[in-house]
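If you want the building blocks of each chain, they are given just below.
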Amino acid sequence: MADETRPTTSTASSHSGGERPSGGDRPSGGDRPDRGERRPPRPGGRGEGGPGGRKFFRRKKVCKFCVEKIEAINYKDVRLLAQFVAESGKITPRRLTGVCTPHQRRLSSAIKQARNIALLPFAGRAS
Amino acid sequence: MNRTYELMFIVRPDMPEEEQDKLISTLETAVTTSGGVMKNVEKMGKRHLAYSVRRFRDGMYILLTVEGGGGLIHELERRLRVTEPVIKFLTVRIDEEQKRLDKIKAIRDSRRKVSATPAAAPAPAEPAGEAPAATA
């Protein structure tokens, strides 16, 4: 959850803060300076102020089902469901896939049905 | 009682075709005697199982679409349980889901008709407004 919100806060601060609020922001950044040392090649990253600690802008995750308007989440559609199952057979959490709550609910029940009829594994890869 | 169910079951891979047909026809008579309707039979063929079931790694998947009440499903499941070659089965009620999908589809179609008549400008804005309504 924290990972998801961080990019938006960083952009907001960089827009609103304007020019070099670094003096004021540094204390609130907390552990940021040593993070910066871990990843040196970041020109201007420090100058923007504390919270802008990300090298990559993480793209805003969107729900695949909302975007592509897939309403039917069926247990028979193994190809679709397999995209939301980790290698270990676990259901991938919403914070990683960006699926919205109503769709994740349908998705998880569909995955569980598919597991029951041996279309998806309970654990491990589908052999 | 008019509910629609999907009955998916797996039979052992070495079961001959004619015995599968025989099993399906006995199930069908069970459906019709209970006052239900067998709407569709689909043999999905041989598939690899995601995990081994009764030491089988493959299975023949068969999908039935049945209309009827809960008692009928109870009877069908009992039959599947006692039928030896059937290694796994799953029943899912689909009519409510289908109703929901039809509703969403109707909403989308009506919106499309509305958005098709004005100029091109409101049309791209339409899907953005449509998505929350569909998920709600």
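Since this is a predicted model, take the numbers as computed values, not measurements.

What follows is about the overall build of chain A. Of regular secondary structure, chain A possesses seven helices and zero strands. Starting at the N terminus and walking to the C terminus, you meet the elements of chain A as α-α-α-α-α-α-α. Counting every position in chain A, which comprises 127 residues, the buried fraction comes to 19%. Counting only contacts in chain A whose residues sit at least 6 apart along the sequence, the fraction spanning at least 24 positions is 69%.

Residue and element names in this part refer to chain B. Spatially, β2-β3-β1-β4 is the arrangement adopted by the four strands of the open sheet, whose pairing is antiparallel. Strands with a single pairing partner mark the edges of an open sheet, and in this sheet they are β2 (37-53) and β4 (86-93). Averaged over all pairs of adjacent strands, the angle between their axes in this sheet comes to 20°, without regard to strand direction.

The partner chain B presents 15 residues to the 16 residues of chain A that form the contact. By residue number, the principal contributor to the side of chain A that touches chain B is helix α7 (residues 101-116) of chain A, which donates four residues. Class assignment for the residues of the side of chain A that touches chain B results in 12 nonpolar, three polar and one charged.

Turning next to the pairing of strand β1 (residues 3-11) of chain B. Residue and element names in this part refer to chain B. Of all nine residues that make up β1, seven are buried, and the element is covered over most of its length. In this sheet, strand β3 (residues 56-68) lies alongside β1 in antiparallel orientation, the contact comprising nine bridges. Residue pairing for β3: Val11 is matched across the bridge by Met60.

Moving on, we get to unusual backbone geometry. Non-glycine residue Ala118(A) carries a positive phi angle of around 65°. Counting through the fold element by element, Ala118(A) comes out in the segment after α7. For Arg55(B), which is not glycine, the phi torsion reads 65° and is therefore positive. One can find Arg55(B) in the loop between β2 and β3.

Once that is clear, we can look at the confidence of the model for chain A. Overall, the prediction assigns chain A a mean pLDDT of 68, with 52% of residues at 70 or greater. Confidence drops under a pLDDT of 50 for residues 1-50 of chain A, and excluding neighbours within four residues, the segment shows 36 contacts in the predicted structure.

Reading the values: the criteria
- Residues numbered from 1 in each chain as written.
- Chains lettered and ligands numbered in written order.
- Predicted model: local features only at pLDDT ≥ 70, side-chain atom pairs only at ≥ 80, totals over all residues.
- Helix = DSSP H or I, 4+ residues; strand = E, 2+ residues; numbered from the N terminus.
- Buried ≥ 20, exposed ≤ 12 C-beta atoms within 10 Å, placed from the backbone.
- Contact = placed C-beta atoms within 7 Å.
- Pairing = 2+ DSSP bridges.
- Axes fitted to C-alpha atoms, helices over the stretch in contact; angles between N-to-C directions.
- Nonpolar A, V, L, I, M, F, W, Y, C, P; charged D, E, K, R; others polar.
- pLDDT = per-residue confidence, 0-100.

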